[in-house]
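Summary of the model geometry
Residue strings, one per chain:
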Amino acid sequence: MQLPDVLYHYCPSRALPEILQSGVLWLTHQSGLNDLHEAVWAVPFIQDAIQQRKTDITKEFLVAVGRQFESNALSETYVASFSSDGDVLSQWRAYGMDGDGFAIGFRPSAFPAQLRIPITSAVPDHTVGLLKVYYDNEMLKRTITDILDCQLSAEQDANSIINCSFQLRALALSFKNPAFREEDEWRVCYSPIITTDPVKRDLQIIGMLRELRFRTNRYGVLPYFQMPFGSNAREDAIAEIVVGPKNLSSNQLLNMLLLSLGYKNAQVRRSSASYR
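Reference entry: report on the structure contained in this document. (Residues numbered from 1 in each chain as written. Predicted model: local features only at pLDDT ≥ 70, side-chain atom pairs only at ≥ 80, totals over all residues. Heavy atoms only, no water.)

Turning our eyes to something else, we now look at the overall build of the chain. The helix and strand inventory of the chain stands at 7 helices and 13 strands. Radius of gyration (C-alpha) of the chain: 21 Å, near the 19 Å computed for a compact globule of 276 residues. Expressed as lengths along the three principal axes of its C-alpha atoms, the size of the chain is roughly 70 × 45 × 35 Å. Taking all 276 residues of the chain together, 46% fall into the buried category. A sequence separation of at least 24 residues applies to 78% of the contacts in the chain between residues at least 6 apart. For the chain, the exposed surface amounts to about 14200 Å²; the carbon and sulfur share of it is 50%. Averaging the locations of the 27 positively and 30 negatively charged side chains of the chain gives two centres separated by 5 Å. (Helix = DSSP H or I, 4+ residues; strand = E, 2+ residues; numbered from the N terminus. Rg over C-alpha atoms; globule rule 2.2 N^0.38 Å. Buried < 20%, exposed > 50% of the residue type's maximum accessible area, 1.4 Å probe, protein only. Contact = heavy atoms within 4.5 Å. Areas by Shrake-Rupley, 256 points an atom, 1.4 Å probe, with all protein chains shown as cover. Lys, Arg positive; Asp, Glu negative; His and termini not counted. Charge placed at Lys NZ, Arg CZ, Asp CG, Glu CD.)

Below is the structure:
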């Protein structure tokens, strides 16, 4: 899989100086994203495929896989979304204040996330991953079939149950409703272990990011984590800022903003969309 040289985060105009000054992006709980079926679109496809392959021989293994998968699917995920294209009209309308906002072009090397599926793990580095999103239901079905066929044809034990359920969980994070295809999304996902002790009234977080914060949006109160970017080389963290088609910000002033904050290798360009 080829990782794009630049990934774009569309945002309202007020968010641009906040993001640039703080050097962090928000990873928001999946329940606050705009897709009602976020992280669960693939679940019924997976459940149906498991059910269809149950025989007297495979039933015990598949029941165990299904239980482990459903347990994994309940894991909470925090997401920051990006697009491989920094000048798409539908993106401006949906995420860039109807064209008044910006698209921040990040170099993926600026993120503390490798190209992989994150897992809920006691190893902090494993809890954050960068992945591509797919929107093809037929591809999803074929991939589920390949995973199950591979596991059913091999030796089946506790490790294979865990491995199979992990691969299926990866599909739940990687596939979305085809109606969102135009977004061409890449995402950073974070899957920490969060436990609460009802007696001690204590909250414990195991993962790369530890400070849980809260904000509000139209869906209510949402938890999020802050992910730093460009910690090692701020000057190379951002490739460019794309100015929305209805945004009147001056290129000169935007360049001053970038230089004042140390983003020395970032450029400014304007959207080519003739939208008003």
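Further notes follow.
Counting through the fold element by element, H9 comes out in strand β1 (residues 7–11). In this structure the side chain of H9 is engaged in a polar contact, spanning 2.9 Å, whose partner is the backbone oxygen of S81. Excluding residues that lie within four positions of it along the chain, H9 makes contacts with I19, L25, S81, F82, F102, A103, I104 and F106. (Polar contact = N/O pair within 3.5 Å; in protein donor to acceptor, adjacent residues only side chain to side chain.)

Counting 38 residues, the largest nonpolar core has F106, F111, V188, F229 and I238 as the members making the most contacts within it. The element that contributes the greatest number of residues to this core is helix α1 (residues 15–22), accounting for 4 residues. Ignoring sequence-local partners within four residues, the contact set of F111 consists of L7, L25, F82, F106, V188, M227 and F229. Grouped together as the second largest cluster of nonpolar side chains are 20 residues, W41, V43, A73 and L171 included. (Core = buried A, V, L, I, M, F, W, Y, C linked by side-chain atoms within 4.5 Å.)

Once that is clear, we can look at unusual backbone geometry. Of note in the backbone geometry, M97 takes a positive phi value of approximately 55 degrees without being a glycine. Relative to the helices and strands, M97 is located in the loop between α4 (89–95) and β4 (102–106). In this structure, D98 takes a positive phi of about 55 degrees despite not being glycine. Structurally, D98 can be placed in the loop between α4 and β4. D98 gets classed as partly exposed once you look at its relative accessible area, which sits at 30%.

We now examine the packing of helix α2 (residues 43–52) against helix α3 (residues 59–73). Where α2 meets α3, the closest approach of the two axes is 10 Å, and the angle between their N-to-C directions is 165 degrees. Regarding the angle of α2 to α3, the classification is roughly antiparallel. Crossing of α2 over α3 shows left-handed handedness. Seen from α2, the contacting residues are V43, I46, Q47 and I50; seen from α3, they are L62, V65, G66, F69 and E70. Among the residues making up the contact of α2 with α3, the classes are represented as 6 nonpolar, 2 polar and 1 charged. (Axes fitted to C-alpha atoms, helices over the stretch in contact; angles between N-to-C directions. Parallel < 35°, antiparallel > 145°, perpendicular 65-115°, else oblique. Left-handed = near helix turned anticlockwise from the far one by under 90°. Nonpolar A, V, L, I, M, F, W, Y, C, P; charged D, E, K, R; others polar.)

A separate point is the environment of R53. As for its placement among the helices and strands, R53 is situated in the loop between α2 and α3. When the C-alpha atoms of R53 and L148 are compared, they prove to be 8.5 Å apart, with 95 residues separating the residues in sequence. Other than its neighbours up to four places away in sequence, R53 contacts T58, L62, T145, L148, D149 and L152. One polar contact links R53 to T145, side chain to side chain, over a distance of 3.2 Å.

As a packed pair, α3 and helix α6 (residues 158–174) sit with axes 8 Å apart at the nearest point and diverge in direction by 50 degrees. Here α3 is positioned oblique relative to α6, judged by the angle of their axes. The way α3 lies across α6 gives a crossing that is right-handed. Contact residues: α3 offers F61, A64, V65, Q68, F69, N72 and A73, while α6 offers S160, I161, C164, S165, F166, L168 and R169.

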